[in-house]
Number of protein chains: 4
Amino acid sequence: MFIGHRLQFALATTVQARSETVADNVNSRWNGQFSCYDLVAKTVLRPRSVVRVGDIAIGGDEFIVMAGPCAVESERQVLDTAMSVAMAGARILRGGAYKPRSSPYSFQGMGVEGLKILSKAREVTGLAIITEVMSETDVELVAEYADIMQVGARSMENFSLLERLGTCGRPVLLKRGMTATLEDLLRSAQFIVSSGNPDVILCERGIRTFETATRNTFDVAAVPVLKTVSHLPVIVDPSHAVGVRALVPVLARAAVVVGADGLLVEVHPRPDKAFSDGEQSLTFDQFHSMMRDLDPYLGLRQQADRSFAAAGGFD
Amino acid sequence: MFIGHRLQFALATTVQARSETVADNVNSRWNGQFSCYDLVAKTVLRPRSVVRVGDIAIGGDEFIVMAGPCAVESERQVLDTAMSVAMAGARILRGGAYKPRSSPYSFQGMGVEGLKILSKAREVTGLAIITEVMSETDVELVAEYADIMQVGARSMENFSLLERLGTCGRPVLLKRGMTATLEDLLRSAQFIVSSGNPDVILCERGIRTFETATRNTFDVAAVPVLKTVSHLPVIVDPSHAVGVRALVPVLARAAVVVGADGLLVEVHPRPDKAFSDGEQSLTFDQFHSMMRDLDPYLGLRQQADRSFAAAGGFD
Amino acid sequence: MFIGHRLQFALATTVQARSETVADNVNSRWNGQFSCYDLVAKTVLRPRSVVRVGDIAIGGDEFIVMAGPCAVESERQVLDTAMSVAMAGARILRGGAYKPRSSPYSFQGMGVEGLKILSKAREVTGLAIITEVMSETDVELVAEYADIMQVGARSMENFSLLERLGTCGRPVLLKRGMTATLEDLLRSAQFIVSSGNPDVILCERGIRTFETATRNTFDVAAVPVLKTVSHLPVIVDPSHAVGVRALVPVLARAAVVVGADGLLVEVHPRPDKAFSDGEQSLTFDQFHSMMRDLDPYLGLRQQADRSFAAAGGFD
Amino acid sequence: MFIGHRLQFALATTVQARSETVADNVNSRWNGQFSCYDLVAKTVLRPRSVVRVGDIAIGGDEFIVMAGPCAVESERQVLDTAMSVAMAGARILRGGAYKPRSSPYSFQGMGVEGLKILSKAREVTGLAIITEVMSETDVELVAEYADIMQVGARSMENFSLLERLGTCGRPVLLKRGMTATLEDLLRSAQFIVSSGNPDVILCERGIRTFETATRNTFDVAAVPVLKTVSHLPVIVDPSHAVGVRALVPVLARAAVVVGADGLLVEVHPRPDKAFSDGEQSLTFDQFHSMMRDLDPYLGLRQQADRSFAAAGGFD
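Cut-offs and rules
Residue positions are given per chain, counted from 1 along the sequence in the order it is written. For naming, the first written chain is A and the first written ligand is 1, with later ones following in the order written. This being a predicted model, a pLDDT of at least 70 is required before a residue's local features are given, and a value of 80 or more before pairs of side-chain atoms are given or counted; all residues contribute to the totals for chains, interfaces and linings. The side-chain values count all of the structure's non-hydrogen atoms but skip hydrogen atoms and water molecules. A pair is scored as a salt bridge if a Lys or Arg side-chain nitrogen falls within 4 Å of a carboxyl oxygen belonging to Asp or Glu. Starting at the N terminus, helices and strands are each numbered in turn, a helix being any DSSP run of H or I of at least four residues and a strand any DSSP run of E of at least two. Type-normalised accessible area, obtained with a 1.4 Å probe on protein chains alone, sets the label of each residue: buried when under 20%, exposed when over 50%, and partly exposed for intermediate values. Throughout, a residue-residue contact means that at least one pair of heavy atoms, one from each residue, lies within 4.5 Å. Two N or O atoms count as a polar contact when they lie within 3.5 Å, although within protein this holds only if one can serve as hydrogen donor and the other as acceptor, and sequence-adjacent residues are included solely when both atoms are side-chain atoms. Put simply, buried area is the surface a 1.4 Å probe can reach on two separate parts but cannot reach once they are joined, added for both. One bridge is not enough; two strands pair if DSSP finds at least two bridges between them. Crossovers are marked right-handed if the path from the first strand over the helix to the second runs clockwise, as seen with the strands pointing away from the viewer. For this analysis, a ring pair means two rings from Phe, Tyr or Trp (six-membered ring only for Trp) whose centres lie within 6.5 Å, classed as stacked if their planes differ by under 30 degrees, edge-to-face if by over 60, and tilted for the remaining angles. Placement of a charge over a ring requires the Lys NZ or Arg CZ to be within 6 Å of the ring centre, with the centre-to-atom vector within 35 degrees of the ring normal. Note on definitions: angles span 0 to 180 degrees between N-to-C directions of axes, and those axes are lines fitted to C-alpha atoms, for helices only across the stretch in contact. Should an angle lie under 35 degrees it is considered roughly parallel, over 145 roughly antiparallel, and from 65 to 115 roughly perpendicular; all remaining angles are considered oblique. Less than a right angle of anticlockwise turn of the near helix away from the far helix marks a crossing as left-handed, whereas a clockwise turn marks it as right-handed. Each residue gets one label: Ala, Val, Leu, Ile, Met, Phe, Trp, Tyr, Cys and Pro are nonpolar, Asp, Glu, Lys and Arg are charged, and the others, such as Gly, are polar.

A. Main features of the pattern of salt bridges. Applying the stated criterion to the full structure yields 76 salt bridges over all chains. Between R76 of chain A and D80 of chain A there is a salt bridge whose closest N-O contact spans 2.7 Å. Within this pair, R76 of chain A and its partner D80 of chain A are both found in helix α2 (residues 75-88), separated by four residues, close to a single helical turn. Relative accessible area serves as the criterion here: at 53%, R76 of chain A is assigned to the exposed category. For R122 of chain A, the salt bridge goes to D147 of chain A, with nearest N and O atoms at 2.8 Å. With R122 of chain A in helix α3 (residues 112-125) and D147 of chain A in the loop between α4 (139-145) and β6 (148-151), this pair connects stretches of sequence that are 25 residues apart. One salt-bridge network, in which partners are shared between bridges, spans R176, E204 and D219 of chain A together with E211 of chain B.

Here it is in structure tokens:
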């Protein structure tokens, strides 16, 4: 029931048309190989997908904000955050129950207890739940609790996991790998779709560069490129992209004006006490300010999309 | 008379204050060494510089657009472009008379003839002129014709050239090197300032990454980071950043909303016939559409800057 | 019975000693955090580990060559290759039964049939078997057939897989991720060791850079750095590092003289017909020539190690 | 009189032959554009160039070591170093009189005084002199004192400087830029040659990567790739490539066995007191040990080159 669309295989003539569009909209030296992502490619017949989660439509006209803590730490923390972000306009609650453990000694998440807390927050607030799955063997369990399955940057090329997500019955948010190209990202998306799950959401979360002033480098052009070549929705995670709390709201603005379909943002009741990613988590007040700050930019989107198209843009 | 300000050496207490701001606004692991860019650093006493070129103030309240062809190819081409971009709202005409020659056989620019054509375009349109200088031995000559001296990405660490520009009597627009960090950029800016020229404008033009869908990766976060740590104006070159005509206008939007002080954009009467960079040059119509598209975003800047500041932002 | 050593926790005083060695032998700005790889760190008490596979000792005095096709394609192909590489001096047969599938349509390996073919080649030739495992759920099955479990570059941060390999009862060869730092590699190694498996072999296989003349950039300095900071054996995969057949033998030489404990090399009866990686696979004749070419360099190792130590080197 | 060869323009048929060789020896996806470096390309008619400096032949059968301090600091320092490295077998003395000044406050070199000290060391020891030139306006002056003009990594794309070096009457050692591809390096070499100076020596000095354990990443494969596609001599600078004293000798070994024509090494009487690059400078004793360590590897070169060729290698 979460499946909002069915794949229709594009006719050769349509693909041809799309191909010409791509030639205009991306670097002519791009080595993208169409056959590796044809199921997720934008065509005349399939210009855009909408992924539905209950009454939430990702990739439609509404700009969808997913917010919450990096990690589930306690029921109190999650419920407080959920209520606060819901009031500010978020539609989906994020929170990690299983954490990537780049050191065996760092916090590894609360596991199934964390999933139950997220589930309780859904009951209380009506927010849908997105949470990360890192292991094939956890897919079934996580799918019982989550509305959207998140694949982290480190797992973007974990093909066994991607294949397993093809039959999990939930939409998948796929994060770009730390040094992955957009073609790599589209290939991984295709992997999930060809394994049976058409509901994939792409997520730009910054790439690794030599710059050290920010945690990663937010590739803002990734959004219009992906919207040009693929029919999938595109979400931006400004928290990981920049890694610095004070810069999150201004990057969120950039995401809005380049055509992203939504945001994934870290919010914590007490960022200085967070188990992980405190530096990049917004306080409740900062999140509310950010949402108000975005309003006028969102107001411009419809008219702007028209004038951008007139300027040769992606739609 | 182009010199809009004089350096005042910041007091230790002021620097302390600035330092705390930086700690909040950039990655805490940043290896920036303050002493290498203290003359260009933002402080309580010097929060912002305005570089003046005639009646144009770069870094002030107005958003300044510099536009024109990659290379000066003919008087007709330059005059037509100058009139068109002036009508659309540009204040400064760009155009290369000396071109970086990554191959000895590619077009090397028209040299002094090109400078004379630019000069004539200034007379006709009232636009100020920005043009690249690549060689120490050309500095004096170029300064006779140009209002702003452009230092290209390949020259960002040509310290002999930077030192010579310290006494050229013209403002300098300094482009970020292809894999330079923001600290590298600030060090080069400091080099010009410490050589006697306080009028430096920083320019983000994309960095080299593994992504191939775009020519470079536009580091949109560079703008708020630079505006946070430095008092210098920051200009964005979306043409080189993305390398694809159709994406230039949408990146220009992003530049506006993250706080850039202006744009440097390639425009050509017949991009398909351009000697260089045709792929990323806008037609006159596209440039006009882009300028109209930016209007409502520029309209939001003043109010937005207030709400962003409330959210913990850079001002 | 494949376990050649037991971990002894280093005393604090020993660690101190090691720490001083590291300060001399790696970049003083290195951000390595000792606590994240202390179990694999070189100390006075544990200067070197030897991983034993039957009568083969990896990390001891013998230089161990692992060779074979990228993928198991047929019994004929594997048996011919196994006999040829055994005659030339290889001790271990490589061959993939499960392949990373960066496209869902590329060859995915023969699976358990492939494992059986490898097993048969072991019976016939006496070579030990190394083969890749990509999925947690395949660990048990692969461990039934393989003598060494290979973790590919894309899986270096698949922590669920690493954890599962901690109890697989087989040594693990861990490949460096495509843009992983050496610290990242050591953290992943620590993950396996702390999960219960001390028999980890590190593998340098080239990193992604902007260079396009070679498939990856072989980081030859990684070998002496790893041998300086870790007690684990270090193997070099010149085939993936360079991606071009004709350059494999010369890079193998470099691996020998910088102190690698062995090689992992792709060899195929008909590289031009290979299902994957044909460009970088050696023919039988080329492999034999390479092995003869390495002989005199291997002959120099003992004496060289002494003079290198005198020059301040790693031992 | 330093000019050891004259360019002969390769016949089309010869180029064709070379082209096929390249296809075998480098990545088939390489984007090298032959016309941008045809003057420096290896052909049947010009398989190899020898650059002569007095009685020293670079690119011939002898392995040429250039050694000395990063910067000229005093006559005592330079003379002591020159005598020590000459006794150990170096043929050329390195030392910077003009230093790149990434900060305006760091040591900028002794200038012409430094050149005079180098000149005196040449008289005393018979060593030839290599020193860096960073500014077009210094070319004539530096050429009066130096036997080889060094172009630093930051200047590799300073085309005005390269053009000026085309008529300087001295051989040029051209260092690879910090993130330059080998094609970029060859284009810059072509620039010097096409400006009139055929005596160019290429230098691999490590490239910037995400690795932090070493200062740069020594791209050891660059040596055989360059020897395959170009007729120019190739020198390795292990000091900058790795940035850590203890690793310099082992990388020098790697340079020898992959076919480099020589080394450029930093040596200082008291590295801990050096004005710059002390961390990577060898003491006199370490340099002598390194030279003795290299002897047996150099002894293997002639026979090795034959067997490598048999294995499909570069000659």
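B. Main features of the environment of R91 of chain C. Residue and element names in this part refer to chain C. Mapped onto the elements, R91 comes out in the loop between α2 (75-88) and β4 (92-94). Measuring from C-alpha to C-alpha, the distance between R91 and A128 comes to 6.7 Å, with 37 residues separating the pair along the chain. Excluding residues that lie within four positions of it along the chain, R91 makes contacts with D55, I56, E62, I64, V65, L127 and A128. Reaching out from R91, the side chain makes a polar contact with the side chain of D55 at a distance of 3.4 Å.

C. The arrangement of the interface of chain A and chain C in detail. Tallying the contact residues gives 31 residues for chain A and 30 residues for chain C. Buried area between chain A and chain C, summed over both chains or domains, comes out near 2500 Å², and the portion from carbon and sulfur atoms is 45%. The interface formed by chain A and chain C holds four salt bridges in total. Here R154 of chain A and E157 of chain C are joined by a salt bridge, their closest N and O atoms 2.8 Å apart. For the pair chain A and chain C, the number of links is 10 residue pairs in polar contact (both at pLDDT 80 or more). Among the elements that make up the side of chain A that touches chain C, the one with the highest residue count is helix α6 (residues 182-194) of chain A (five residues).

D. Representation of the pairing of strand β6 (residues 148-151) of chain B. All names here are of chain B. The side-chain alternation of β6 yields two buried faces, one formed by I148 and Q150 and the other by M149 and V151. As judged from the three bridges shared by strand β5 (residues 128-132) and β6, these two strands associate in the parallel manner. Within the sheet, the bridge partner assigned to I130 lies in β6 and is I148. Regarding the hand of the β-α-β motif, the stretch spanning β5, helix α4 (residues 139-145) and β6 is right-handed. Once you follow β6 into helix α5 (residues 159-165) and on to strand β7 (residues 172-175), the crossover reads as right-handed.

E. Structural detail: helix α9 (residues 248-257) of chain D. All names here are of chain D. Burial analysis of α9 places 10 of its 10 residues in the buried class, which makes it a mostly covered element. By the burial criterion, the buried members of α9 are V248, P249, V250, L251, A252, R253, A254, A255, V256 and V257. Of the residues one or two after α9, G259 is the one with positive phi, at around 105°.

F. Local environment of the side chain of D147 of chain B. Residue class for D147 of chain B comes out buried when judged on its relative accessible area of 8%. At a separation of 2.8 Å, a polar atom in the side chain of D147 of chain B contacts the side chain of R122 of chain B.

G. Molecular detail of the packing of aromatic side chains. Counted under the stated rule, the structure contains eight aromatic pairs over all chains. Put simply, the rings of F210 of chain A, F210 of chain B, F210 of chain C together with F210 of chain D pair up and form one aromatic cluster. In this arrangement the basic side chain of R208 of chain C is found over the ring face of F210 of chain B, its NZ or CZ atom lying 5.8 Å from the centre.

H. Structural detail: the packing of helix α6 (residues 182-194) of chain D against helix α7 (residues 222-229) of chain D. Residues and elements named next belong to chain D. Between α6 and α7, the least distance of the axes is 11 Å, while the angle of their chain directions is 45°. The angle between the axes of α6 and α7 places the two elements in the oblique class. For α6 against α7, the interelement crossing comes out right-handed. Where α6 approaches α7, its residues L182, L185 and L186 are matched on the opposing element by A222, V225, L226 and V229. When its residues are assigned to classes, the contact of α6 with α7 shows seven nonpolar, no polar and no charged.

I. Representation of the sheet that holds strand β10 (residues 262-266) of chain A in the model. Residues and elements named next belong to chain A. Strand order in the closed barrel formed by eight strands is β3-β4-β5-β6-β7-β8-β9-β10, with parallel pairing between adjacent strands. Averaged over neighbouring strand pairs, the angle between their axes works out to 25° when direction is ignored. Pairing between strand β4 (residues 92-94) and strand β5 (residues 128-132): three bridges, direction parallel. Looking across to β5, one finds that I92 is bridged to A128. Contacting β8 (200-204) and β9 (234-236), helix α7 (residues 222-229) crosses the sheet at an angle of about 170° to β9.

J. The arrangement of the sheet that holds strand β9 (residues 234-236) of chain B in detail. Residues and elements named next belong to chain B. Strand order in the closed barrel formed by eight strands is β3-β4-β5-β6-β7-β8-β9-β10, and the pairing between neighbours is parallel. With direction set aside, neighbouring strand axes in the sheet form an average angle of 25°. Alignment of strand β8 (residues 200-204) against β9, held across three bridges, turns out to be parallel. Among the inter-strand pairings, E204 is bridged to a residue of β9, identified as V236.

K. Structural context of the pairing of β8 of chain A. Residue and element names in this part refer to chain A. Of all the five residues making up β8, five are buried; the element is thus mostly covered by neighbouring parts of the structure. Judged by which residues are buried, β8 turns out to be covered on both faces: V200, L202 and E204 on one side and I201 and C203 on the other are all buried. Relative to β8, strand β7 (residues 172-175) runs parallel, the two being bridged by four bridges. The residue bridging V172 from the neighbouring strand is V200, located in β8. The β-α-β motif built from β7, the intervening α6 and the parallel element β8 has right-handed crossover chirality. With α7 bridging β8 and its parallel neighbour β9, the resulting β-α-β unit is right-handed.

Functional significance is not addressed by these values, which are geometric in nature.
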